[in-house]
Amino acid sequence: MAAGSSLRPFALWGLPGCCLLVAAVLAGVVVGELPLPVDTVMAVIGNNLWNAGHAVDPIDGGIIWNYRLPRTLIAAACGAGLALSGVVLQSIVRNALADPYLLGVSAGASTGAVAVTILGVGGGLLGISAGAFVGASLAFVLVAILAHASGGGSAQLVLAGIAGSQLFNALTSFIIAKSASAEQARGIMFWLLGNLSGARWDDIGLAVPVVAVGFVICLWCVRAMDAFSFGVSSAASLGVAVRKVQIVLIGAATLMTASMVSLVGSISFVGLVIPHAMRFLVGPRHARLVPASALAGAIFMIAADVASRILIPGQVVPIGVVTALVGAPGFALILLQKRRQL
Amino acid sequence: MRVVANDLGWSAGTKSIVNGVSMEINAGETFGLIGPNGSGKSTLLKLIAGLLPRARGSVLLDGKPAHELSRREIARRMAFVEQHAETSEALTVRDVVELGRTPWLSSLAPFGQEDRSIVQNALHTVGMNSMAENRWDTLSGGERQRVQIARALAQRPRLLLLDEPTNHLDIHHQLALLRLIGHLPVTVIVAVHDLNQAMGCDRLAIMERGEMVACGPPGEVLTPERLASVFRVNATPLRDPADNATVFRFHHMEISAS
Ligand SMILES: Nc1ncnc2c1ncn2[C@@H]1O[C@H](COP(=O)(O)OP(=O)(O)OP(=O)(O)O)[C@@H](O)[C@H]1O
Ligand SMILES: [Mg+2]
């Protein structure tokens, strides 16, 4: 009984959720300009993982193993990371509208990544990610200070987020205009809209560990995040080391956002809409909300990536466009549902 | 738990809100804080709870300086029901009371059977067990207050800080709560507005403009003269034949413009 009542809800959504994630990964590999049968996909995965030795067309094998599988896994990691960042920010700033995109964290990460890419300060994936992390942290600190100084309300935070996003987007444009070649500029603009086409196995070496670490940190802090529901001072009187938890969680959210932005560009609304949808499904307690949001974010992002590939035949729509097409109406729903509290 | 506060003070900017408050409260004592609106009762409770930045003075809990304890160690010793509690999360009553177990849980000691029964007891104590699965944001003011008290009880503290806990409660639940406070084997510091309820405390401190102007047993502290000077009311002490206790009736006091 002790474990039963807390396990039962997990069995209800957790196992189907995991199955759905596996199915989504498969779908992400199967669906595309050149649809590939599931058994070929399984054969290729078998060949690469444990030298199963199935006979497969090497071109199909190449598409599956070098192109679609890493792309799908990056999409999953990215969706999970952004959804977790959203959960963390909403809990820490106690604002339903908090999300890495709206708070300008993504914009800051873009600026950092672009600065490193174009000005060539660091170079390489790690250098770009580090630049994105610096930019994202800077943006968060600026927005948080501005929101706090202007009164600390819900509206102030959103407005400060807008100001921060605009500032960092302007900085990004400025850096591009000043230093990038025309070709670089086109590439960067495409990447900024969210683009998974460059995803390779190397990128997974960054995305998956970052999301795994972020996930573990979030799980570690689920009770603290619950305790923030009645505010910072109530959390403190419940025994939460508020400053420490805030720094660790915001650090994790910024790190996840920055890595995802440096890999696939700035993607809106996932961090906002997924956690809210999950609150409806599994409730507000973070012990369930954290894993549910990570799962749902991963599944949603794979679905968005598949949609981005088949929406216009022969052409790839930037994934950021797809998530925004779904996310903006979702955001509108949240606004309507929250209208009393704003 | 024995609580000693030395020279507590707090300022908002240059404005002094609480100044030079010292007190010694014995284990098991019910200690009341009274005073007009804005006299610093809530601020003093937050100072004792260690929740204010840039606080002056020190608090000893059973002889241990509170600033040497971690937040978690403090939360295992004291629980605080603040005057206001708001959340935008769609929590249930049970979720809120379970928050009280936070300082006792860790990744190695997850929420278990014992915690569940402590939560259930706390819900029962405040008479909210039949509404345990209701949403917090659908509750009435008094029900919310009782849930916060249950949350504090679930914390299993040895010191309970209550800021106007009878606020919003109907008369039955007011008396039930006062009875509960009186019978709990813990030290209680409670801010109250109802001076007749304050008469039930072991000792009272009167706050006025951030300073403690009197401290002692209710009968000594609550004199008609002091009520006139601090609260600006005329008070008539009456005797209740039911239990021979003193009760006050209050009359409006005309105040010349000052
Ligand atoms: N953060 C703050 N900044 C500025 N002034 C403050 C702050 N907190 C409290 N005050 C002021 O300090 C005074 C004491 O406030 P406090 O809440 O302690 O009073 P109280 O005795 O609890 O009053 P009440 O009976 O109305 O609950 C008030 O005048 C209030 O305006
Ligand atoms: Mg008060």
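Remember, it's a predicted structure, so these values are computed and weren't measured experimentally.

**Comments concerning the pattern of salt bridges**
1) Next: The full count for this structure, using the stated rule, is 12 salt bridges over all chains.
2) Next: Between R285(A) and D95(B) there is a salt bridge, and its shortest N-O distance comes to 2.8 Å. Placement of the pair is R285(A) in the loop between helix 12 (270-282) and helix 13 (286-310) and D95(B) in helix 3 (residues 93-98), with the two residues belonging to separate chains.
3) Next: Take R285(A): its relative accessible area is 16%, and that puts it in the buried class.
4) Next: R285(A) serves as the salt-bridge partner of E98(B), at 3.0 Å between the closest nitrogen and oxygen. A residue pair is termed interchain when its members come from two chains, as with E98(B) in helix 3 and R285(A) in the loop between helix 12 and helix 13. Each member of the pair, E98(B) as well as R285(A), is classed as buried.

**Some details on the site of ligand 1**
Residues and elements named next belong to chain B.
1) Next: As a matter of local geometry, ligand 1 sits amid 15 residues, with G38, K41, S42, T43 and H193 nearest to it.
2) Next: For ligand 1, an oxygen atom lies 3.0 Å from a polar atom in the side chain of Q83.
3) Next: Of all the secondary-structure elements, those providing two or more residues to the shell around ligand 1 are strand 1 (3-12), strand 2 (15-25) and helix 1 (41-49).
4) Next: With 3 residues, the top contributor of residues to the shell around ligand 1 is helix 1.
5) Next: For the shell around ligand 1, the class distribution of residues is 4 nonpolar, 8 polar and 3 charged.

**Let's talk about the interface of chain A and chain B**
1) Next: Taken together, the contact between chain A and chain B spans 24 residues of the former and 30 residues of the latter.
2) Next: Contact between chain A and chain B buries roughly 2200 Å² in total, counting both sides, with carbon and sulfur atoms accounting for 55%.
3) Next: Looking only at chain A, the three residues that lose the most surface to chain B are R223(A), F230(A) and L238(A), adding up to 33% of its buried area.
4) Next: At the boundary of chain A and chain B, one finds 3 salt bridges.

**Side note on unusual backbone geometry**
1) Next: For D62(B), which is not glycine, the phi dihedral falls at a positive 50°.
2) Next: As for its placement among the helices and strands, D62(B) is situated in the loop between strand 4 (56-61) and strand 5 (64-65).

**A few points about the packing of aromatic side chains**
In this description, an aromatic ring pair is defined by two values, namely the gap between the centres and the angle between the planes.
1) Next: Tallied over the full model, the rule gives 4 aromatic pairs over all chains.
2) Next: Aromatic side chains F230(A) and W136(B) sit 5.1 Å apart centroid to centroid with 90° between the ring planes, which places their arrangement in the edge-to-face category. Note that F230(A) is positioned in the loop between helix 9 (222-227) and helix 10 (232-237) and W136(B) in the loop between helix 4 (113-125) and helix 5 (141-154), a pairing that runs across two chains. In this pair, the class of F230(A) matches that of W136(B), namely buried.

Rules used in this analysis
Numbers given to residues run from 1 along each chain, matching the order in which its sequence is written. Here every chain gets a letter starting at A, and every ligand a number starting at 1, in the order they are written. Reporting in this predicted model follows two pLDDT cut-offs: at least 70 for local features of residues, and 80 or more for side-chain atom pairs to be given and counted; totals over whole chains, interfaces and linings ignore these cut-offs and use all residues. Only hydrogens and water are set aside when side-chain values are computed; all heavy atoms of the structure are taken into account. What makes a salt bridge here is a side-chain nitrogen of Lys or Arg within 4 Å of a carboxyl oxygen of Asp or Glu, nothing more. By definition, any uninterrupted DSSP run of H or I lasting at least four residues is a helix, any uninterrupted run of E lasting at least two residues is a strand, and each is numbered from the N terminus. Buried residues are those whose accessible area, probed at 1.4 Å on protein chains only, stays under 20% of the maximum for their type, while exposed residues exceed 50% and partly exposed ones sit between those limits. By convention in these notes, a residue is near a molecule or strand provided one of its non-hydrogen atoms lies within 4 Å of it. Any pair of N or O atoms that falls within 3.5 Å is considered a polar contact. Within protein, one atom must be able to donate a hydrogen and the other to accept it, and sequence-neighbouring residues count only if both atoms are side-chain atoms. Residue polarity is assigned by list, with Asp, Glu, Lys and Arg as charged and Ala, Val, Leu, Ile, Met, Phe, Trp, Tyr, Cys and Pro as nonpolar; anything else, Gly included, falls into the polar class. Contact criterion: two residues are considered in contact whenever any of their non-hydrogen atoms come within 4.5 Å of each other. Summed over both partners, buried area is the accessible surface (1.4 Å probe) that two parts give up on being assembled. The aromatic pairing rule takes the rings of Phe, Tyr and Trp, using the six-membered ring of Trp, and pairs them if the centres are within 6.5 Å, calling planes under 30 degrees apart stacked, those over 60 edge-to-face and the rest tilted.

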